[in-house]
Amino acid sequence: MKRILTGLQPSGELTIGSLIGGIGNIKKYEDKYESFIFVPDLHSITVDQDPKLLHERIRKNIALYLACGLDPKKNTFYIQSENLYHTNLSWILECNTYMGEASRMTQYKEKSENKKHHSVGLFTYPILMAADILLYDADFVPVGHDQKQHVELARDIAIRFNNKYDDTFTVPEPLIPEVGARIKDLQDPTKKMSKSSENPKGIIFLLDDLEVTRKKIMSAVTDSDNKVIYDEENKPGISNLLMIYSSMTNMSIKEAEEKFKDYNYGNFKKEVAEAIINVIKPIQDKYNEIINSNLIDELLDEGKKKTNEIAKEKYEIVRKKVGLGR
Ligand code: TYM
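Quantities reported herein were computed from a predicted structural model and do not represent experimental measurements.

S.K.: Could you clarify how one ought to interpret the overall build of the chain in this entry?
M.R.: Broken down by element type, the chain carries 13 helices and five strands. Taken against the 2.2 N^0.38 rule, which gives 20 Å for 326 residues, the C-alpha radius of gyration of the chain at 20 Å falls within 12% of a compact globule. Here the chain, with 326 residues, has 52% of them falling under the buried criterion. Counted over contacts in the chain with a minimum sequence separation of 6, partners at least 24 positions apart contribute 76%. Accessible area of the chain: about 16,100 Å², with a carbon and sulfur share of 50%.

S.K.: Can you help me understand the nonpolar core in this one?
M.R.: The nonpolar side chains of soluble globular proteins are, as a tendency, buried together. Core analysis: the largest hydrophobic core is formed by 62 residues, its most contacted members being Ile 16, Phe 77 and Ile 276. For this core, the leading source of residues is helix α12 (residues 265–290), giving eleven residues. Of the domains in this structure, domain 1 (3–180 + 293–322) and domain 2 (200–288) are the two that each give at least three residues to this core. Residues contacting Ile 276, with those up to four places away along its chain left out, are Ile 16, Ile 204, Thr 213, Ile 217, Ile 244 and Met 248.

S.K.: Which parts of the structure should I look at to understand the packing of aromatic side chains?
M.R.: The geometry of an aromatic ring pair is captured by two quantities: the separation of the ring centres and the angle between the planes. Under the defined criterion, the tally for this structure stands at 14 aromatic pairs. For the ring pair Tyr 65 and Phe 77, a centre distance of 5.9 Å and an interplane angle of 35° mean the geometry is tilted. On the criterion of sequence distance, the pair formed by Tyr 65 in helix α3 (residues 51–67) and Phe 77 in strand β3 (residues 75–79) is long-range, its members being twelve residues apart. Seen from their ring centres, Phe 161 and Phe 169 are 5.0 Å apart, and the 55° between their planes marks the pair as tilted. Assigned by exposure class, Phe 161 and Phe 169 land together as buried. Ring pairing ties together the aromatic residues Phe 36, Phe 38, Tyr 78 and Tyr 136, which thus form one cluster.

S.K.: For this particular structure, what's the right way to read the site of the ligand?
M.R.: Around the ligand sit 28 residues in total, of which Gln 9, Tyr 125, Asp 132, Gly 144 and Asp 146 are the nearest. Separating an oxygen atom of the ligand from a backbone N or O atom of Gly 144 is a distance of 2.8 Å. Sorting the residues of the shell around the ligand by element identifies β1 (3–7), α1 (16–27) and α7 (120–134) as the ones contributing at least two each. Looking at the shell around the ligand residue by residue, the class counts come to twelve nonpolar, eleven polar and five charged.

S.K.: What is the right way to look at the domain arrangement of the chain in this model?
M.R.: Where interface size is given, it is often the accessible area lost as the parts come together that is meant. Split by domain assignment, the chain resolves into domain 1 (3–180 + 293–322) and domain 2 (200–288). Taken together, the contacts link 14 residues of domain 1 with 16 residues of domain 2. Viewed at the interface, domain 2 and domain 1 are joined by zero salt bridges. Counting across the domain 1 and domain 2 interface gives two residue pairs in polar contact (both at pLDDT 80 or more). For the side of domain 1 that touches domain 2, the secondary structure elements donating two or more residues are α1 and α3. Ranked by residues supplied to the side of domain 1 that touches domain 2, first place goes to α3 with five residues. When the residues that make up the side of domain 1 that touches domain 2 are grouped by side-chain class, the tally is ten nonpolar, two polar and two charged.

S.K.: What's the story with the packing of helix α10 (residues 236–249) against α12 in this structure? I'm lost.
M.R.: Each packed pair of helices is defined by two parameters, the angle between the axes and the distance between the axes. Interaxial distance between α10 and α12 falls to 9 Å at its minimum, and their mutual angle equals 35°. The hand of the α10/α12 crossing is left-handed. Of the residues in α12, those in contact with Ile 238, Leu 241, Leu 242, Ile 244, Tyr 245, Met 248 and Thr 249 of α10 are Tyr 265, Phe 268, Lys 269, Glu 271, Val 272, Ala 275, Ile 276 and Val 279. Residue composition of the contact of α10 with α12, grouped by class: twelve nonpolar, one polar and two charged.

S.K.: Looking at this structure, how should I read the pattern of salt bridges?
M.R.: Two side chains of opposite charge can pair, provided their charged atoms sit close to one another. In this structure the tally under the stated criterion is 24 salt bridges. When salt bridges with common partners are traced through the structure, they connect Arg 3, Glu 34 and Lys 306 into a single cluster.

S.K.: What exactly am I supposed to notice about the environment of Leu 241 here?
M.R.: Note that Leu 241 resides in helix α10. For the pair formed by Leu 241 and Pro 189, sequence separation is 52 residues and the distance between their alpha carbons is 9.5 Å. Excluding residues within four positions of it along the chain, Leu 241 makes contact with Leu 186, Ile 217, Ala 220, Thr 222, Phe 268, Lys 269 and Val 272.

How each quantity is defined
Residues numbered from 1 in each chain as written. Predicted model: local features only at pLDDT ≥ 70, side-chain atom pairs only at ≥ 80, totals over all residues. Heavy atoms only, no water. Helix = DSSP H or I, 4+ residues; strand = E, 2+ residues; numbered from the N terminus. Rg over C-alpha atoms; globule rule 2.2 N^0.38 Å. Buried < 20%, exposed > 50% of the residue type's maximum accessible area, 1.4 Å probe, protein only. Contact = heavy atoms within 4.5 Å. Areas by Shrake-Rupley, 256 points an atom, 1.4 Å probe, with all protein chains shown as cover. Core = buried A, V, L, I, M, F, W, Y, C linked by side-chain atoms within 4.5 Å. Domains from an automatic or database assignment. Phe/Tyr/Trp six-rings, centres within 6.5 Å; stacked < 30°, edge-to-face > 60°. Near = heavy atom within 4 Å. Polar contact = N/O pair within 3.5 Å; in protein donor to acceptor, adjacent residues only side chain to side chain. Nonpolar A, V, L, I, M, F, W, Y, C, P; charged D, E, K, R; others polar. Salt bridge = Lys/Arg side-chain N within 4 Å of Asp/Glu carboxyl O. Axes fitted to C-alpha atoms, helices over the stretch in contact; angles between N-to-C directions. Left-handed = near helix turned anticlockwise from the far one by under 90°.

Below, the structure is given as structure tokens:
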């Protein structure tokens, strides 16, 4: 059975962007592939984190995966920092990655731009991500559009390693959703809706109060021509709302355009808010039911054991090929 693997950082509260591009994208495959889902907590400390908040979010992150409907029997859940092979392999891969290719990562450029200081970890982050993927021979990596370049780097590293040391790693492929791979900020629809953005008005968090959600949609930035048409370039705000609506209802963008052709923006936004609430309300109910249950620790203990065994086997092969140790 082919494998999929993905992770969502606990660096902020999860958003509908993480739901659509991340979790929703996994759910589609859980019956078809063997699925590994982890919390990349080591990735989160590439930027400053409050340790207490980080700790809480790791648990929340797993609870939300489950609340979003991922089946605990069909997916293996684990925490990146509970498996030392990720960082060990990452070092070996760093030594097989060129400065030039790592420097081309657009997310690194964006995140380091205009910062007085940034960590070395922010630069090597995509290589740790490559280790996360290659350690398990993942065939497919479901991600949103912003992570595509990182998965491509993992592919390049795998191919180079396989050529140098003989076939070792499966070369992974990104799985990008057709709709919803790029959910934008509601207040600045030219930029990605990101859990770490400064203005919370632009972001719908999965655990937002439902009335707050409604208000955020009603005050989303649009344009003045009052036509509900998908046109990313000239109407980024309306296009983003259509994209969100379409992802929440599984209606195509074309069908949604048709449905809203005689609506004004106010009425259109009310329907978008309703569609989001219909999806996140049951998620919140389920989340509240399980956040304090033993289920989360049981799953994480199982996941830790299973993934450490798989990772150890792969790491030992790599170590030997590279000539390390006795
Ligand atoms: P992260 O935590 O930023 O995002 C998690 C997933 O959600 C997707 N996503 C979005 N999709 C559409 N629109 C948005 N506005 C949006 N925001 C986030 C992301 O593309 C991603 O799929 N480096 C990764 C975590 C990671 C990882 C891995 C993923 C570490 N190791 C190995 C896959 C495999 C990250 O920071 O994603």
